[in-house]
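Inside the fold
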Amino acid sequence: MVADAWAGIAGATVAAGAQFRAGLGDVEVAQRHSLASLIKANRLTAFGRANRFIDITSAESFRSLVPIGDYAAFQPYIDRIIGGDDAVLTAEPVRFFEQTGGSSGGAKNIPYTDTALKSFTDCLYPWLGDLIARRPAVTQGRSYFALSPVGRSLDQRIGAYPLGSPLPFAYFGALRSSLIELSAVPMELRLLADFDTWQRETCLYLLQAEDLALIWVWSPTYLTEILRAMRRDALNLLPTLASRLAISQDRNSVNRRIETLESTLCGSSNDLSAIWPRLDTISCWTDASSKGFAAELQALFPQAFMQSKGLMSTEAAVSFPFGDGPGSVLAAHSGFFEFIDEAGDCRFAWQLEIGRIYRVVVSTGSGLYRYDTHDMVEVVGFSGDTPRLRFCGRAGVTVDMCGEKLSEAFVASCLERISVPSYALLAARTTPRPHYQLLVEACSDNPLDGAIAERLDRALTANPQYEYARRIGQLDFVRLTSIDDLYGRWKRHRMQSGASIAGMKAPVLLREVDSVFLAGLGVAER
């Protein structure tokens, strides 16, 4: 069954990969075609009429006629869709909504059409085909894909529309059936409303899958938390696992598996490779605030290939791992992309320069036109003339107490530069004087260096506004506080607010609006 399913996937993706590779040499043609298709299909929508789509004849006129907008600019149109209006943002019907949010709070409802779904499929086919060609060992076992938020009921609605796709693996198009066959975890588990039950069952199914070869998650912390639960509850999980294995395996095989797992999960070694001896690839976020967590995951599975996820968000598929070179390649056929440089000038994909950092603006089949994602990317290379991108952080997450305007991307780079030994958060504090407090996850194996706050303070002065505020006494020096289970506490805080752990990002910068979380830590301003 496993071999047949992988053979079917390989056969279905080879043509898509070859076609995508052939187009890498002319990103301008691909991008102009993507934009022309979007404009032609949607010129008679409410948004199209309001923004003179009928007069748009080029990327340049599109840029001139349609303003850049964030979610607030699109919300009135989205509210009309939810209220039952047709042809608001797209001529084709909305199939369902997905929800996303950020540290600013408040849910954002993103409509999905068939074209929007296809934009993801058009990335995932070349990605899978390229992965199979480069890592053929992934086809030697089953897989685990963490796709849907835990506990989402199939009857949840936004207006008359489903919240989330009713079908598992909807983003993978015709590959759905094969991927369901390969899944180590039954699809029904995603419907479990109780988190503890979901986590226990997920642990049991994954421990049962000795042949697991591919893990695909968003945040690396999603997987590390499951592993932590396996180790913490091993003595309760393993007897149940033994009973389940005994249904289909002989006693000697069951005993060997349980002994291996007990030794690995309960032992002192941090190498967990024996849990899944065939594990070839872990696909997850590896950049910006996820970099340290990805390194932790790599240490747990030193033989596995860690593949960067690229930049795929609820709003758009921007980049994905494909081909040779650093970073991830622009998904040039999955939307129209613009890039705002440091000076505020708008560049097209064929105008980007290596080594430069840009803010991403997208136009997609979901009806988001010149939508400001606030995602920051660095151009790290090219495949043909198609840019390869590395995610740097979010431009929209900023803190500004004294005119310093610290961004998450900048703070993440400073923390990386000073080599913080574990997960860290920088929190804005206003009393007794404005300052920043560095919260670092306590780690008994690596005692915290008290000078780390001073090093961060120096690194932050690369921001001239921060340096000026420090120099004239508007900002006091950085304070350091060690916190037990810092990320776990952040995760639980966000879950209480209704956030999904599947795509939960680990922030590196907290603002005053996060005072409830800080108060829960018992961290007093000082």
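What counts and how
- Residues numbered from 1 in each chain as written.
- Predicted model: local features only at pLDDT ≥ 70, side-chain atom pairs only at ≥ 80, totals over all residues.
- Heavy atoms only, no water.
- Helix = DSSP H or I, 4+ residues; strand = E, 2+ residues; numbered from the N terminus.
- Rg over C-alpha atoms; globule rule 2.2 N^0.38 Å.
- Buried < 20%, exposed > 50% of the residue type's maximum accessible area, 1.4 Å probe, protein only.
- Core = buried A, V, L, I, M, F, W, Y, C linked by side-chain atoms within 4.5 Å.
- Contact = heavy atoms within 4.5 Å.
- Pairing = 2+ DSSP bridges.
- Axes fitted to C-alpha atoms, helices over the stretch in contact; angles between N-to-C directions.
- 1 Å grid on protein atoms, 1.4 Å probe; cavity = no way out; pocket = protein on both sides within 12 Å on 5 of 7 lines; lining within 4 Å.
- Points joined across faces, edges and corners; volume = space filled by probe spheres on them.
- Nonpolar A, V, L, I, M, F, W, Y, C, P; charged D, E, K, R; others polar.
- Salt bridge = Lys/Arg side-chain N within 4 Å of Asp/Glu carboxyl O.
- Arc of directions from axis to C-beta.
- Polar contact = N/O pair within 3.5 Å; in protein donor to acceptor, adjacent residues only side chain to side chain.

**As for the overall build of the chain**
Along its length, the chain carries 17 helices and 21 strands. In terms of overall dimensions, the chain is globule-like: its C-alpha atoms have a radius of gyration of 24 Å, near the 24 Å expected for 526 residues. Overall, the chain is about 75 × 60 × 45 Å in size when its C-alpha atoms are taken along their principal axes. When the 526 residues of the chain are sorted by exposure, 53% land in the buried category.

**Some remarks on the nonpolar core**
The biggest cluster of nonpolar side chains holds 82 residues, and the ones touching the most others in it are F172 and F339. Per-element accounting of this core gives the leading share, 10 residues, to helix α6 (residues 114–134). Contacts of F339, omitting those with residues within four sequence positions, involve L330, D345, C346, R347, F348, A349, L352, Y358, R359, V360, V377 and L389. Of all hydrophobic cores here, the second largest spans 41 residues; its members include V185, C203, I215 and L227.

**Considerations on the sheet that holds strand β20 (residues 479–483)**
In space, the four strands of this open sheet follow the order β20-β19-β18-β21, with mixed pairing throughout. Edge strands, defined here as strands with exactly one partner in the open sheet, are β20 and β21 (509–510). Looking at chain direction, strand β19 (residues 435–441) and β20 are connected through five bridges and run parallel. Each residue of the ladder has a partner; that of E441, found in β20, is I483. Packing of helix α14 (residues 452–460) onto the sheet brings it into contact with β18 (424–429), β19 and β20, and relative to β20 it is tilted by some 125°.

**Quick word on the sheet that holds strand β9 (residues 319–320)**
Strands sit in the order β9-β10-β15-β14-β13-β11-β12 across an open sheet of seven strands; the sheet is antiparallel. A single partner strand is all that each edge strand has here, and the edge strands are β9 and β12 (346–348). Relative to strand β15 (residues 386–394), strand β14 (residues 371–383) runs antiparallel, the two sharing eight bridges. Within the sheet, the bridge partner assigned to F382 lies in β15 and is P387.

**What to know about the layout of surface pockets**
A water-sized probe rolled over the atoms picks out the places where empty space is left. Considering only enclosed or pocket space, the second largest pocket measures out at about 1,100 Å³ in volume. Lining the second largest pocket are 34 residues, with G292, E296, P421, S422 and Y423 positioned closest to its centre. When contributions to the lining of the second largest pocket are tallied by element, the ones reaching two or more residues are α9 (220–232), α12 (291–300), α13 (408–417) and α16 (486–496). Tallied by class, residues from the lining of the second largest pocket come to 16 nonpolar, 10 polar and eight charged.

**Considering the pattern of salt bridges**
A full pass over the atoms with the stated rule returns 30 salt bridges. When the shortest N-O distance is used, the salt bridge between E378 and R390 registers 2.6 Å. Of the two residues, E378 is situated in strand β14 and R390 in strand β15; the sequence distance between them amounts to 12 residues. A residue is classified by how much of its surface remains accessible, and E378, at 18% relative accessible area, is buried. We classify R390 as partly exposed; its relative accessible area is 31%. Via salt bridges that share partners, E225, R228, D485, K491 and R492 belong to a single interconnected network.

**Observations regarding α13**
Here α13 lies mainly inside the structure; seven of its 10 residues are buried. Turning to α13, its buried residues number three or more, namely E408, A409, F410, V411, A412, C414 and L415. Lining the buried residues of α13 we find β15, β17 (406–407), β18, β19, α14 and β21.

**Focus: the pairing of β18**
Two faces, one strand: in a regular strand the side chains alternate between the faces of the sheet. Most of β18 sits out of view: six of its six residues are buried. Taking every second residue as pointing to the same face, both faces of β18 are buried, with A424, L426 and A428 on one and L425, A427 and R429 on the other. With six bridges joining them, β18 and β19 adopt antiparallel strand pairing. Each bridged residue has a counterpart across the sheet, and for L425 the counterpart in β19 is L439.

**Remarks on unusual backbone geometry**
In this structure, R52 is a non-glycine residue whose phi angle is positive, near 55°. Within the fold, R52 resides in the loop between α3 (46–50) and α4 (59–65).

**Comments concerning helix α5 (residues 71–82)**
Turning to α5, its buried residues number three or more, namely Y71, F74, Y77, I78 and I81. One side of α5 holds all its buried residues, which, seen down the axis, span an arc of 125°. Two or three places before A72, at the start of α5, stands the capping residue D70, its side-chain oxygen 3.2 Å from that residue's backbone nitrogen. Positive phi appears at G84, one or two residues downstream of α5, with a value of about 115°.

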